[in-house]
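Listed below, chain by chain, are the residues.
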Amino acid sequence: MCGIVGAIAGRNISAILLEGLKRLEYRGYDSAGMAVYSAETELLDHVKRVGKVAELEAGLEEHPLPGHLGIAHTRWATHGKPEARNAHPHLSSDRIAIVHNGIIENYVALKEELIAEGYTFISDTDTEVVTHLIYRAVAKGSSLEQALRETVERLEGAYALAVIDQQQPDRMLATRMGSPLVIGVGIEENFIASDPLALLQVTDRFIYLEEGDLALISQGQIAIEDGSGNLAVREIKQFEHGHGTADKGEYRHYMLKEIYEQPAVITNVLEGRIHQGQVLEQIFGSNASELFDQVKMVQIVACGTSYNAGVVARYWIEKLAGIPCMVEVASEFRYRATVCMPGTLFITISQSGETADTLSALREAKEQDYLGFLSICNVPGSSLVRESDLSLMTNAGPEIGVASTKAFTSQLVALMLTALILARRNGYAEEEQMVANLQQLSALCEQVLALDPAIQKMAEHFVDKHHTLFLGRGTIYPVAVEGALKLKEISYIHAEAYPAGELKHGPLALVDEDMPIVAVAPNNSLLEKLLANLEEVRARGGKLFLFADSKAQVKPGDDLELITLPDVPTVMAPIIYSIPLQLLAYYVAVLKGTDVDQPRNLAKSVTVE
Ligand code: AGP
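About the thresholds
- Residues numbered from 1 in each chain as written.
- Predicted model: local features only at pLDDT ≥ 70, side-chain atom pairs only at ≥ 80, totals over all residues.
- Heavy atoms only, no water.
- Phe/Tyr/Trp six-rings, centres within 6.5 Å; stacked < 30°, edge-to-face > 60°.
- Buried < 20%, exposed > 50% of the residue type's maximum accessible area, 1.4 Å probe, protein only.
- Lys NZ or Arg CZ within 6 Å of the ring centre and 35° of its normal.
- Helix = DSSP H or I, 4+ residues; strand = E, 2+ residues; numbered from the N terminus.
- Polar contact = N/O pair within 3.5 Å; in protein donor to acceptor, adjacent residues only side chain to side chain.
- Arc of directions from axis to C-beta.
- Contact = heavy atoms within 4.5 Å.
- UniProt positions renumbered as here; feature names shortened; annotations may be inferred.
- Pairing = 2+ DSSP bridges.
- Axes fitted to C-alpha atoms, helices over the stretch in contact; angles between N-to-C directions.
- Near = heavy atom within 4 Å.
- Areas by Shrake-Rupley, 256 points an atom, 1.4 Å probe, with all protein chains shown as cover.

## Some points on the packing of aromatic side chains
Next up, step 1: For the structure on display, the rule yields nine aromatic pairs.
Next up, step 2: Residues Tyr370 and Phe373 carry aromatic rings whose centres are separated by 6.0 Å and whose planes lie at 65° to one another, so their mutual orientation is edge-to-face.
Next up, step 3: A relative accessible area of 7% means that Phe373 is categorised as buried.
Next up, step 4: Ring centres of Tyr586 and Tyr587 lie 5.0 Å apart, and the angle between their planes is 75°; on these two criteria the pair is classed as edge-to-face.
Next up, step 5: Judged by its relative accessible area of 2%, Tyr586 falls in the buried class.
Next up, step 6: Given the relative accessible area of 9%, Tyr587 is considered buried.
Next up, step 7: Taken together, the aromatic side chains of Phe333, Phe346, Tyr370 and Phe373 make up a single cluster linked through ring pairs.
Next up, step 8: A cation sits over an aromatic face here: Arg314 above Tyr315, 5.9 Å from the ring centre.
Next up, step 9: Over the face of the ring belonging to Tyr492 we find Arg600, whose NZ or CZ atom lies 3.8 Å from the ring centre.

## Brief notes about the environment of Lys22
Next up, step 1: Tracing the chain through its elements places Lys22 in helix H1 (residues 14–24).
Next up, step 2: Taking the relative accessible area as the measure of exposure, Lys22 reaches 31% and is therefore partly exposed.
Next up, step 3: Polar contacts involving the side chain of Lys22 include one to the side chain of Glu57, which spans 3.1 Å.

## Section: helix H2 (residues 53–62)
Next up, step 1: When we look at burial in H2, the residues that qualify are Val53, Leu56, Gly59 and Leu60. Looking straight down H2, one finds its buried side chains confined to an arc of 110°; they lie on one side. Of the exposed residues in H2, those oriented more than 90 degrees away from the buried face are Glu61 and Glu62.
Next up, step 2: Summarising the contacts, the buried residues of H2 are in contact with H1, strand S2 (31–38), strand S3 (43–50) and strand S4 (69–75).

## Side note on the UniProt feature "active site" (unreviewed entry) in the chain
Next up, step 1: The UniProt entry lists Cys2 and Lys604 under the feature "active site" (unreviewed entry), expressed in the numbering used here. Considering the C-alpha atoms alone, the annotated residues occupy 603 residues of sequence yet fold into one spot, their largest mutual distance being 9.8 Å.
Next up, step 2: For Cys2, the position within the fold is in the segment before strand S1 (3–8).
Next up, step 3: Sequence-distant contacts of Cys2, defined by excluding residues within four places in its chain, comprise Arg27, Gly28, His73, Thr74, Arg75, Trp76, His100, Asn101 and Ser194.
Next up, step 4: Tracing the sequence through the fold places Lys604 in the segment after helix H18 (573–592).
Next up, step 5: Residue Lys604 is classed as buried on the basis of its relative accessible area, which comes to 10%.
Next up, step 6: Contact partners of Lys604, with chain neighbours within four places excluded, come to Met1, Tyr26, Arg27, Gly28, Gln351, Glu399, Ile400, Gly401, Val402, Ala403 and Ser404.

## Things to note about the sheet that holds strand S15 (residues 237–238)
Strand pairing in a sheet relies on backbone hydrogen bonds. The paired strands run either parallel or antiparallel.
Next up, step 1: Strands sit in the order S3-S2-S4-S1-S10-S9-S11-S15 across an open sheet of eight strands; the sheet is antiparallel. The two strands at the open ends of the sheet, each matched to only one other strand, are S3 and S15.
Next up, step 2: Direction of pairing for S2 relative to S3: antiparallel, over a ladder of eight bridges. Across the sheet, the residue bridging to Gly33 is Lys48, located in S3.
Next up, step 3: Packed onto the sheet, H1 meets S1, S2, S4 and strand S10 (190–193) and runs at close to 160° relative to S1.
Next up, step 4: In this fold H2 packs onto S2, S3 and S4, with an angle of close to 140° to the strand it touches most, S3.

## Here we look at the pairing of strand S18 (residues 297–302)
Next up, step 1: By the criterion of burial, S18 is predominantly enclosed, with six of the six residues buried.
Next up, step 2: Neither face of S18 is left uncovered, since the one carrying Met297, Gln299 and Val301 and the one carrying Val298, Ile300 and Ala302 both have all their residues buried.
Next up, step 3: Across six bridges, S18 lies against strand S20 (residues 344–350) in parallel orientation. Along S20, the bridge assignment pairs Val298 with Leu345.

## Quick notes on the site of the ligand
Next up, step 1: As a structural note, the neighbourhood of the ligand is formed by 14 residues, with Ser306, Ser350, Gln351, Thr355 and Glu489 the closest of them.
Next up, step 2: Gln351 has a polar backbone atom sitting 2.7 Å from an oxygen atom of the ligand.
Next up, step 3: Between an oxygen atom of the ligand and a side-chain N or O atom of Thr355, the distance comes to 2.4 Å.
Next up, step 4: Surface burial for the ligand is 92%, taken as the share of its 410 Å² of free accessible area covered by protein chains.
Next up, step 5: At the level of secondary structure, the elements contributing two or more residues to the shell around the ligand comprise helix H9 (304–321) and helix H16 (476–491).

## A word on the sheet that holds strand S24 (residues 494–499)
Next up, step 1: A sheet is described by the order of its strands in space; here five strands give the open sequence S24-S23-S25-S26-S27, paired in parallel fashion. A strand with exactly one partner marks an edge of an open sheet, and here the two such strands are S24 and strand S27 (560–564). Looking at each pair of strands side by side, their axes are set apart by 20° on average, direction ignored.
Next up, step 2: As paired elements, strand S23 (residues 467–472) and S24 share six bridges and run parallel to each other. Residue pairing across strands places Leu469 opposite Glu496, the latter belonging to S24.
Next up, step 3: Set on the sheet, H16 makes contact with S23, S24 and strand S25 (517–521); between it and S24 the angle comes to about 175°.

What follows is the structure, given as structure tokens:
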């Protein structure tokens, strides 16, 4: 999704902006641009290109933009096609330049108003109205700060904005509502970005702007007003690098690196969270115990992979804690007339902590009588964490590949810790055993990763296929859904997942030799039933790709490829079995030659609705 970088310094900032954009590439985008104030010409100049940041870099070689003040952007098209004229920064009368993340919902009315006054538009974007509104206000005599404040008062929707003014090159303005924005604090230089990762080459000290904040940033000073126009004091936070660094190291793709980080990540999620075989309650926050004591029901809300983790957690919470648990995708939850039962804990799950739908669902829920709000998240200081009562960080380190891998397994471990805390209140007696199981997970992950060559070979069967079916039952059904999501998003092969028992109710009609069936079958109480479902597939000429352990006792043959996983405690199987499915999707995508880390049309952090 769109990315913002801005800088004001005593040195040339265009290389810093470019590096920042490169660091945001993982978020997904289709065009890029930069605007810089040149002290030599006293003008704002810009370069925009469709495609990758490398295209912009080539453009900057032909047309360099040296200067001490500038803003840059990667755009993920929402209003208007990926074309240079729609790329940001957008300028008004060569005086005001802005970059924008988010969506201005009332832009049509604002555009009509501006056109009636003689303003012309060169783009199809919603953003261009903002730059003209700011220009109109400064042209009428408002200060830049007043102009921005007046402008955002007219906007409906979500925005993170960075603004520069050719006539005031000693400042840069930033404001946000519904889209994240941070200030990177340097020494006699300051920066802004939509994600701290963009600025880690220049600083590790950040101010996380709050909703409605407006910051006036100069080389040596940062002044912030809150949404009511009052001076606000915002803490400077040291960036926690977490585990894993944001470079590919020896790996061909971030996704592969992140898959291979999972044994370490699982250790990290558990680190400091367990004492003498018990999960520590204070890891959720200081008032956690009191709140958990009152939980009678759980509502989980999330999107995509994080939603799939939530569905696994529902099985765990209901089985171990004996309390009802509902799970819903955030984009549906936020617009439904939901009914909140007394004593319901509202849990959001998110890798980024900035997903617009999840954040909005949390804000909607806060209008109701939920008992409390817990976020399971990978990014400390993210909006979701800041707006929740309790949080449990997944400590997975930066995840750069658009396809979530280590975020998923770390969420599952964190959700298991949550389930155990709730289960304790239900008289659950096997917490110590469960903790011991969790502590063995990392080693089991290593064993599964050793199956890499076999999975790589299996991937060859999928390259020329157009459709795939994934099957699982019980806690493994959401794992199958997650496996299908991985395959479709990076290989562009249509993949659907079904609970295997549903096969005979419709999807069996699709089964033939052109439709590979991936079945995930760890040893559990549903194994026999699942194997019977698979026989229905074989009887109809379908080719099966089975992930199972030694208990399945199935013989491979022409119609069945088998990958045998180590025996794992049943309750831990969702974590372990998700790994071979990640590897399968990865190798199919590599064989197909797709852009594994930045698949088409997708963004890492979906900060618009
Ligand atoms: C999955 O591979 C995707 N990256 C996507 O489904 C993602 O999980 C979803 O957009 C939610 O993101 P979040 O965890 O950052 O909230």
